[in-house]
Amino acid sequence: MNEKLPYYMAYPMPFSYEDEKTERTDAEYLRSMYPELPKRLLPYVEEECDRLEYENSMIYDQYPDKLQLKLMCRRAYENVLRHERIPAAEKEGHGGRPAEEMHLRDLIEVMLYQELYKRRCSHRRRNRRFY
């Protein structure tokens, strides 16, 4: 009645790689449902995040520098303008800029912050220490 359990059953490790795979699949599925414009913007946002994805990068700081994040958004926005045909709006927004330009910048900024959040979470999971 007092049977000993094997070591791996006595101290089970959670199978977190299955959870990560499920999360990744879920994220990819939801991204596939993005409207046309965000789908076109996503590669530029990912490219900008890829540039700064290295160990001890500022994107992994506890509080990333707001100016650097704004510069990342600006570079992504400029790449989009250089490579994509985005129709300009006739209506003026704040500061004399077209409203479409303001919305595009805002959308890129939100998408970039979401991508950074995803990468920071993934980085924390990879660097988790079990001791």
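Where helix α4 (residues 66–83) contacts helix α5 (residues 99–126), the axes come no closer than 9 Å and their chain directions differ by 120°. With respect to each other, α4 and α5 are oriented oblique. As for the relative orientation of α4 and α5, their crossing is right-handed in sense. Along the contact surface, α4 presents L69, K70, M72, C73, A76, Y77, V80 and L81, while α5 presents E101, L104, R105, I108, E109, L112, Y113 and L116. Within the contact of α4 with α5, the residues separate by chemical class into twelve nonpolar, no polar and four charged.

A bend of about 30° at L42 is the largest found in helix α3 (residues 36–51), and the proline P43 appears one to four places after it. Three or more residues of α3 are buried, namely P38, L41, L42, Y44, V45, E48 and C49.

With that settled, the discussion passes to the pattern of salt bridges. Close approach of charged atoms allows side chains with opposite charge to pair. For the coordinates displayed, the defined rule picks out 14 salt bridges. Residue E23 is joined to R125 by a salt bridge in which the shortest nitrogen-to-oxygen separation is 3.4 Å. Residue E23 is found in helix α2 (residues 16–32), and its partner R125 is found in helix α5; the two are separated by 102 residues along the sequence. Accessibility expressed as a relative area gives 44% for E23, which makes it partly exposed. Note that E48 and R75 form a salt bridge whose closest N and O atoms lie 2.7 Å from each other. Of this pair, E48 sits in helix α3 while R75 is found in helix α4, placing the two residues 27 residues apart along the sequence. A single network of salt bridges, built from pairs that share partners, joins R31, E46, D50, E53, E115, K118 and R119.

It is worth spelling out the layout of surface pockets at this point. Looking at the largest pocket, its volume works out to about 680 Å³. Along its surface, the largest pocket is lined by 23 residues, and E23, R24, A27, R31 and K118 are the ones closest to its centre. Every element with two or more residues in the lining of the largest pocket is listed here: α2 and α5. Here the lining of the largest pocket takes twelve residues from α5, the largest share from any one element.

Cut-offs applied
- Residues numbered from 1 in each chain as written.
- Predicted model: local features only at pLDDT ≥ 70, side-chain atom pairs only at ≥ 80, totals over all residues.
- Heavy atoms only, no water.
- Axes fitted to C-alpha atoms, helices over the stretch in contact; angles between N-to-C directions.
- Helix = DSSP H or I, 4+ residues; strand = E, 2+ residues; numbered from the N terminus.
- Parallel < 35°, antiparallel > 145°, perpendicular 65-115°, else oblique.
- Left-handed = near helix turned anticlockwise from the far one by under 90°.
- Contact = heavy atoms within 4.5 Å.
- Nonpolar A, V, L, I, M, F, W, Y, C, P; charged D, E, K, R; others polar.
- Bend = angle between axes of the 7 residues up to and from the residue.
- Buried < 20%, exposed > 50% of the residue type's maximum accessible area, 1.4 Å probe, protein only.
- Salt bridge = Lys/Arg side-chain N within 4 Å of Asp/Glu carboxyl O.
- 1 Å grid on protein atoms, 1.4 Å probe; cavity = no way out; pocket = protein on both sides within 12 Å on 5 of 7 lines; lining within 4 Å.
- Points joined across faces, edges and corners; volume = space filled by probe spheres on them.

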